[in-house]
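# Analysis of the macromolecular model
The chain contents come next:
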Amino acid sequence: MNMENKEWVNKRRILPDELEGKSWDYKIINAICVFFLTVMVLDVSIIVAGRFIFHKTPGWGVPVALFCVIWFSLLSPANALADDRHLRVSYFLDRFSEELRSIMNFLFYTIFFGIALFMIIKGVGLTLQTRGSIIPGLNISQSFRYAAIPVSGIALFLVTLRKCLRKDRI
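Quick summary incoming for the structure in this document. (Residues numbered from 1 in each chain as written. Predicted model: local features only at pLDDT ≥ 70, side-chain atom pairs only at ≥ 80, totals over all residues. Heavy atoms only, no water.)

### Quick word on the nonpolar core
The following threshold applies: In this text, buried Ala, Val, Leu, Ile, Met, Phe, Trp, Tyr and Cys residues form a nonpolar core when linked through side-chain atoms within 4.5 Å. Only protein chains enter the area calculation, which uses a 1.4 Å probe; residues under 20% of their type maximum are buried, those over 50% are exposed, and those in between are partly exposed. Secondary structure elements are defined from DSSP: runs of H or I of at least 4 residues count as helices, runs of E of at least 2 residues count as strands, and each element is numbered from the N terminus.
Counting 19 residues, the largest nonpolar core has Ile29, Trp71 and Leu75 as its most contacted members. Counting residues per element, this core draws most heavily on helix 3 (residues 61-82), at seven residues.

What follows is the structure, given as structure tokens:
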């Protein structure tokens, strides 16, 4: 690995000391994502060990993994957007005039705000609708699983609002 690639890898890695200077919501979302990813790795390890070593898997194993995947995959895009680690069509945007880039940025902010509001409104509705259902194997309400949708919408809204106020490029 040459020095340039090593610097890029070190620059993109988010370590606890690199959280200094990040916003409070970024730190909270990051902590929640780390928690769910850790639980998921431990859970899948238990499932694999149970299946291949003990020839018996716990009934709660797969529901816990699914629960963690849902929360992690819905929350992590907010931090990716905050760190500019998301996919972007900058190849084409960089070739536009400054005025057209501003218009495109406005369009992107509008889309992101729309998605965030949709996730919040419909997610709250879905969470309330599923509170009577139980996750098999965990014996908790399905609404805990679906609460990831409005929480992720709030996170996306906050990150987009911060980028909009700082006039960052999406």
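### Overview of the packing of helix 2 (residues 24-52) against helix 7 (residues 148-165)
Rule in force here: Where helices are involved, their axes are fitted lines through C-alpha atoms of the stretch in contact, as for all axes, and angles between N-to-C directions lie from 0 to 180°. Two helices that cross are described as forming a left-handed crossing if the nearer one is turned anticlockwise from the farther one by less than a right angle, and a right-handed crossing if clockwise. Throughout, a contact is declared for two residues whenever any of their heavy atoms are within 4.5 Å. The nonpolar class holds Ala, Val, Leu, Ile, Met, Phe, Trp, Tyr, Cys and Pro. Asp, Glu, Lys and Arg form the charged class, and all remaining residues, Gly among them, are polar.
With their axes 10 Å apart at the nearest point, helix 2 and helix 7 run at an angle of 145° to one another. Here the hand of the crossing between helix 2 and helix 7 comes out left-handed. Between helix 2 and helix 7, the contacting residues are Trp24, Asp25 and Ile29 on the first element and Ala155, Leu158, Val159 and Arg162 on the second. A per-class count over the contact of helix 2 with helix 7 returns five nonpolar, no polar and two charged.

### Quick look at helix 2
What counts, and what does not: Here a helix's expected span is defined as the number of its residues, less one, multiplied by 1.5 Å.
With 29 residues, helix 2 ought to run about 42 Å at 1.5 Å a step, and its terminal C-alpha atoms sit 42 Å apart, in line with that. Taken residue by residue, helix 2 has Asp25, Tyr26, Ile29, Asn30, Cys33, Phe36, Met40, Asp43, Ile47 and Gly50 as its buried positions.

Spatial relationships are all this shows, so hold off on functional conclusions.
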